[in-house]
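Chains, contacts and geometry: an overview
What follows is the residue order along each chain.
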Amino acid sequence: MKILALDPALRTGFAHSNGQRGVWLLSSDPAEHPGLRMLRLCGFIRDAYKAWGFAKLACEDAGFGSRNPAVQALHNELRGAIKGTAAELGVPVVLYVPSTIKLHTTGSGRATKDQMMAAVRTMYGVTCTDDNVADAVAILKMAEAGVRPPHEVRQRVLANRRKTKRREPKLF
């Protein structure tokens, strides 16, 4: 299955299952209208779909990962743009929180950027000079392996418990 993985930010890291990877620069001018960042990201995703195709879009879900409200807002906006573009293309989206990506890749949910880059180089043989690309490669490898986000796993466990819950027969 072809997968496109994203680490959304002003410098969005991307990795495709065909080996393509790099950074999409969404903005370099602070005076620019902020909506243009989202339009640019949508355009990059559409271009990747036309050039390489993909049946799944996997990305980091960092909406609540920052202490800075402006950064939280940016991540939430980018997540909305990703979901909207994926819906337009008819492609499912898988979201992984940063701590899950770090835990799966390094064994620690609190890994640093340098540790993530080293783990991607060691585990997957991919040398990255940009931490956004390293994160995108890690996300891609998780999606390729079929790793489910923790909230999906929890929902499945609860659903299975409901199905297998035994009811005692009423005696009277």
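For the structure given in this document, a descriptive report is provided here. On a predicted model such as this, the values are computed, not experimentally measured, just so you know.

**Comments concerning the pattern of salt bridges**
One pass over the full model with this rule turns up six salt bridges. One salt bridge connects Asp 130 with Arg 11, and the closest N-O pair in it is separated by 2.5 Å. On the criterion of sequence distance, the pair formed by Asp 130 in the loop between helix H4 (113-124) and helix H5 (131-144) and Arg 11 in strand S2 (residues 11-16) is long-range, its members being 119 residues apart. In this structure, Arg 40 engages Glu 32 in a salt bridge whose closest nitrogen and oxygen atoms are separated by 2.9 Å. By relative accessible area, Arg 40 is classed as partly exposed at 29%. For Glu 32, a relative accessible area of 21% translates into the label partly exposed.

**Side note on the sheet that holds strand S4 (residues 56-60)**
The five strands lie next to each other as S3-S2-S1-S4-S5, forming an open sheet whose pairing is mixed. Because the sheet does not close on itself, it has two edges, and the strands there are strand S3 (21-25) and strand S5 (93-96). Between one strand and the next, the sheet's axes are offset by a mean angle of 20 degrees, whatever the strand orientation. Taken together, the four bridges between strand S1 (residues 3-7) and S4 define a ladder with parallel strand orientation. Counterpart to Ile 3 in the pairing with S4 is Lys 56. Sheet contacts for H5: S1, S2, S3, S4 and S5; angle to S1, the most-contacted strand, approximately 140 degrees.

**A few points about the packing of H4 against H5**
Think of two packed helices as two axes; the pair is described by the angle between the axes and how far apart they sit. Their axes nearest at 9 Å, the elements H4 and H5 cross at an angle of 50 degrees. With respect to their mutual orientation, H4 and H5 come out oblique. Crossing angle aside, the handedness with which H4 passes H5 is left-handed. In contact with Lys 113, Met 116, Met 117, Val 120 and Tyr 124 of H4, H5 contributes Asp 131, Ala 134, Asp 135, Val 137, Ala 138 and Lys 141. Of the residues contributing to the contact of H4 with H5, the split by class is seven nonpolar, no polar and four charged.

**Thoughts on the side chain of His 75**
Inspection of the secondary structure puts His 75 in helix H2 (residues 69-89). Among all residues touching His 75, those that are not within four sequence positions of it are Pro 8, Ala 9, Ala 62 and Gly 63.

**Overview of the pairing of S4**
Most of S4 sits inside the fold, with five of its five residues counted as buried. Residues Lys 56, Ala 58 and Glu 60 line one face of S4 and the alternating positions Leu 57 and Cys 59 line the opposite face, and both faces are buried.

**A short note on the environment of Phe 54**
Positionally, Phe 54 belongs in the loop between helix H1 (35-51) and S4. According to the relative accessible area criterion, Phe 54 is buried, its value standing at 6%. Taking the C-alpha atoms as reference points, Phe 54 and Leu 89, separated by 35 residues in sequence, lie 9.7 Å from one another. Once residues lying within four places of it in the same chain are set aside, the contact partners of Phe 54 are Lys 2, Ile 3, Leu 4, His 16, Ile 45, Ala 48, Tyr 49, Leu 89 and Val 91.

**A word on the packing of aromatic side chains**
What the rule picks out here adds up to four aromatic pairs. Aromatic side chains Phe 14 and Trp 24 sit 4.5 Å apart centroid to centroid with 20 degrees between the ring planes, which places their arrangement in the stacked category. A residue pair is termed long-range when its members are at least 10 positions apart, and Phe 14 in strand S2 and Trp 24 in strand S3 qualify at ten residues. Classification of Trp 24 by relative accessible area gives buried; the value is 8%. Aromatic pair Phe 14 and Trp 52: ring centres 5.9 Å apart, planes at 25 degrees, arrangement stacked. Of this pair, Phe 14 sits in strand S2 while Trp 52 is found in the loop between H1 and S4, placing the two residues 38 residues apart along the sequence. Taking the relative accessible area as the measure of exposure, Phe 14 reaches 7% and is therefore buried.

Definitions and cut-offs
Residues numbered from 1 in each chain as written. Predicted model: local features only at pLDDT ≥ 70, side-chain atom pairs only at ≥ 80, totals over all residues. Heavy atoms only, no water. Salt bridge = Lys/Arg side-chain N within 4 Å of Asp/Glu carboxyl O. Helix = DSSP H or I, 4+ residues; strand = E, 2+ residues; numbered from the N terminus. Buried < 20%, exposed > 50% of the residue type's maximum accessible area, 1.4 Å probe, protein only. Pairing = 2+ DSSP bridges. Axes fitted to C-alpha atoms, helices over the stretch in contact; angles between N-to-C directions. Contact = heavy atoms within 4.5 Å. Parallel < 35°, antiparallel > 145°, perpendicular 65-115°, else oblique. Left-handed = near helix turned anticlockwise from the far one by under 90°. Nonpolar A, V, L, I, M, F, W, Y, C, P; charged D, E, K, R; others polar. Phe/Tyr/Trp six-rings, centres within 6.5 Å; stacked < 30°, edge-to-face > 60°.

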